[in-house]
Amino acid sequence: MKIIVAVKQVPARDSQLRIAASGQWIEEADLAYEINEPDAYALEAGLRLKEKHGGEVIALCAGPERAGQIIREALAKGADRAIHIVEDTTALDPLACARLLAAAVKSESPDLVLTGLQSEDLGLGQTGVILAELLGLPHSTIVVEVEAREGAIRVKRELEGGWFQYVEMPLPALVAVQSGIGKLRYATLMGIKKAKSKEVRRVTAASLGLAPAAPSVVLERVYLPERTKRTQLFEGDPQQAAAQLVEKLRFEARVI
Amino acid sequence: MSVLVVLEQRSGQWHRMSFETLAAAQQIARELATTVSAAVLGHDISLLANELAATELETVYAFEHELLKEYTPDAYTMALEAHIDLFSPELVLFPHTYQVRDFLPQLATRLDRVAVTDVISHRIENGALTLVRQLFQGKVNADVRFSGDGPHFASLQAGAYRADRVAKGAAPVEVMRPSLEPANIRTRPFEPLRESQRTVDLGAAELIVSVGRGIKEADNIPLIEKLAAALGAELAASRPICDAGWLPMERQVGSSGQTVAPKMYMAIGISGAIQHLVGMKGARTVVAINKDADAPIFELADYGIVGDLFQIVPALIEALKKA
């Protein structure tokens, strides 16, 4: 089974975000980055399928040079090779981003494409489905289980409010994976060593024959949300803050 | 130039977000000085269509087809694509449900458009629509606008608009019979199912102590259990804690878990991603304990302590013993 896993590099989860002077994006200079968590789960799902059915896992990533970090991580965890589309995708809308990914994987003719459900920076949750449409593949999203069958897959989708649903579709297909599909593995020392000799194919929008298109959705301004609720904050040492909170919960909110 | 709002039902029951989105669509259409129509897709949905006919709409489109009985992204996309091609609405609005997330990007791509998903509010200036959505798990807001010609697509976040603002009226129902063939539907859905019966009913709990990523390790969970015991509260968690297997799934609060409305909800080490907030924003009193003063959970919190939970929680247990 030839599996492609699309991964994105995003600012680390506990980053202190500041708005850039342009007001159109966040200040990137002192940010740390990591693999988008849902994508880490997509990779995990891909590696498990390969362990069970054999084949190949290819990590696919569109991002600037710094994204090499998560590509190495994917290779160290067990991906066989990688494709790095060396482009800054920050200003791209998800259709433009999916066009890059589609152009890079078309010649690979994968059996299965896996993506995370959504990115933790933009949170649009669209790139996977758009990629499926551009590649002419059936898709399913918010998937918590993937089971490969002869020429088909059966996935378990999460619905809302504790409901689930099984869906079957023929391969090739695309599946957008929900976080938590299986416990994430760590890269082993051996894996990290091996990763160094694995192939990373580097391409660009130009080498893929894609001309920049005007975005059809424009991000005009980013800003920190205004607080609408007044939170009573207790500060000082933990004992003091805790005592104040208990006092308020008993005599003001009267909930305990 | 008109607005189309696509509402969601399953087995003849409205999705609870449908009427929020209808109210939003009516409001936006009014502000844009245009009309709004609604679409609902399914099989044997005349009752639902009649219910919509009692609201202020230009037309109610009821998409009737055997192949719309069970949702599939292909059938929904094909039915709506043909309709939008024919009627050319300028703006098409959806509730941001799991189902919409599954097919809206496909539909928009077919029409060579990009949808704006998970919108929390809007503004109209000089007839131009600006949508507000959240980035970085709710830590940053963004103003977004469409460029180029319609149709434009957007989905609206749960709770962003109020369902009780739906304007009443009278609208004609038009039954649409989309041309769908089984051969064009590539996915085969099975009956939805619920996991094993729940043993914990968080929905009935008066006090809830909920724990998130800030707890760092499974070995630290007993600290929160102790606090819950001291308060006489039920223990709950955000998704990552249940994903990691540190607490059972049935204790998960949020869009994929339980929805709760206790007298008090104490969120410990939970930053407050929207998927979590939609599950607990009905709580009467919200307490947040978090090391990040900018965490979105403080948006909802009545009381908060910014600091290290490993110092604060033991102090809190002590203070409760004294009280």
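Thresholds, definitions, all that
Residues numbered from 1 in each chain as written. Chains lettered and ligands numbered in written order. Predicted model: local features only at pLDDT ≥ 70, side-chain atom pairs only at ≥ 80, totals over all residues. Helix = DSSP H or I, 4+ residues; strand = E, 2+ residues; numbered from the N terminus. Contact = placed C-beta atoms within 7 Å. Pairing = 2+ DSSP bridges. Axes fitted to C-alpha atoms, helices over the stretch in contact; angles between N-to-C directions. Core = buried A, V, L, I, M, F, W, Y, C linked by C-beta atoms within 7 Å. Buried ≥ 20, exposed ≤ 12 C-beta atoms within 10 Å, placed from the backbone. Parallel < 35°, antiparallel > 145°, perpendicular 65-115°, else oblique. Left-handed = near helix turned anticlockwise from the far one by under 90°. Nonpolar A, V, L, I, M, F, W, Y, C, P; charged D, E, K, R; others polar. Domains from an automatic or database assignment. Right-handed = clockwise from strand over helix to strand, strands pointing away.

This part is about the overall build of chain B. Check the secondary structure of chain B and you find nine helices and 18 strands. Judged by the C-alpha coordinates and their principal axes, chain B covers about 70 × 45 × 35 Å. Restricting to contacts in chain B with at least 6 residues of sequence separation, those with at least 24 account for 64%.

Strand pairs in the sheet, formed through backbone hydrogen bonds, run parallel or antiparallel to each other. The strand order across the open sheet formed by six strands is β13(A)-β18(B)-β17(B)-β16(B)-β14(B)-β15(B), and the pairing between neighbours is parallel. Where the open sheet ends on each side, the last strands, each with one partner, are β13 (232-234) of chain A together with β15 (234-237) of chain B. Mean inter-strand twist for the sheet, computed between neighbouring axes without regard to direction, equals 20°. Pairing between strand β14 (residues 207-211) of chain B and strand β16 (residues 264-268) of chain B: five bridges, direction parallel.

Let us look at the nonpolar core. Judged by nonpolar contacts, the single largest core of 129 residues is most densely connected at A:V5, A:A59, A:L60 and A:L101. At nine residues, helix α3 (residues 94-105) of chain A tops the list of elements feeding residues into this core. Excluding anything up to four places from it in sequence, A:L101 contacts A:A6, A:L60, A:A62 and A:L131. B:I224, B:I241, B:A273 and B:I289 belong to the second-largest nonpolar core, a separate cluster that totals 55 residues.

So, on to the packing of helix α6 (residues 238-251) of chain A against helix α9 (residues 309-322) of chain B. It is at 8 Å that the axes of α6(A) and α9(B) come closest, and there the two elements cross at 50°. If you check the angle between α6(A) and α9(B), you find them oblique. For the pair α6(A) and α9(B), the sense of crossing is right-handed. Residues A:P238, A:Q239, A:A241, A:A242, A:A243, A:L245 and A:V246 of α6(A) lie in contact with α9(B), whose contacting residues are B:Q311, B:I312, B:A315, B:L316, B:A319 and B:L320. Tallied by class, the residues present in the contact of α6(A) with α9(B) amount to eleven nonpolar, two polar and no charged.

With that out of the way, let us pick up the interface of chain A and chain B. Counting residues at the interface gives 68 residues for chain A, matched by 67 residues for chain B. Of all elements in the fold, only α3, α4 (127-135), β7 (139-149), β9 (163-170), β12 (217-223), β13 and α6 of chain A reach the threshold of two or more residues within the side of chain A that touches chain B. In terms of residue class, the side of chain A that touches chain B is built from 39 nonpolar, 15 polar and 14 charged. By the bridge criterion, two bridges tie β9(A) to strand β12 (residues 188-189) of chain B in an arrangement that is antiparallel. From the neighbouring strand, A:E168 faces β12(B), where its bridge partner is B:R188.

Overall, mixed pairing links the ten strands, which are arranged β12(A)-β9(B)-β8(B)-β7(B)-β10(B)-β6(B)-β1(B)-β4(B)-β5(B)-β11(B) in an open sheet. The sheet is open, and its two borders are formed by β12 of chain A together with β11 (173-176) of chain B, each paired with just one other strand. Strand-to-strand twist in this sheet, taken as the mean axis angle between neighbours without regard to direction, amounts to 30°. Relative to strand β4 (residues 35-42) of chain B, strand β1 (residues 2-7) of chain B is paired through six bridges, and the arrangement is parallel. When the bridges of β4(B) are listed, B:V5 appears paired with B:A38.

A few words on the domain arrangement of chain B. Domains assigned within chain B are domain 1 (2-184) and domain 2 (202-322). The residue makeup of the side of domain 1 of chain B that touches domain 2 of chain B, split by class, is one nonpolar, five polar and one charged.

All right, on to the packing of α3(A) against α4(A) then. In a pair of packed helices, the angle between the axes and the distance between the axes together describe the arrangement. Residues and elements named next belong to chain A. Relative orientation of the contacting elements α3 and α4 amounts to 55°, with a least axis distance of 9 Å. Between α3 and α4, the angle falls in the class oblique. Note on packing geometry: the crossing formed by α3 with α4 is right-handed. Of the residues in α4, those touching α3 at P94, L95, C97, A98, R99, L101 and A102 are T127, I130, L131, L134 and L135. Residues of the contact of α3 with α4, tallied by class, amount to ten nonpolar, one polar and one charged.

Segmentation of chain A into domains returns domain 1 (2-203) and domain 2 (226-256). Averaged C-alpha coordinates put domain 1 of chain A and domain 2 of chain A at centres separated by 42 Å.

What follows is about the environment of B:S88. Mapped onto the fold, B:S88 is located in the loop between α3 (73-87) and β6 (91-95). Expressed as a C-alpha distance, the spacing of B:S88 and B:T59, which sit 29 residues apart in the sequence, is 14 Å.

Right, let's talk about the pairing of strand β4 (residues 56-63) of chain A for a bit. Residue and element names in this part refer to chain A. Burial of β4 is extensive: seven of the eight residues sit out of reach of the surface. Here five bridges tie strand β1 (residues 2-6) to β4, and the two strands are oriented parallel to one another. By the bridge assignment for β4, I3 is matched with V57. In this structure, β4 lies alongside strand β5 (residues 81-86), joined through six bridges in parallel fashion. Bridge pairing links L60 to I83 in β5. The parallel pair β4 and β5, bridged by helix α2 (residues 68-77), forms a crossover whose chirality is right-handed.

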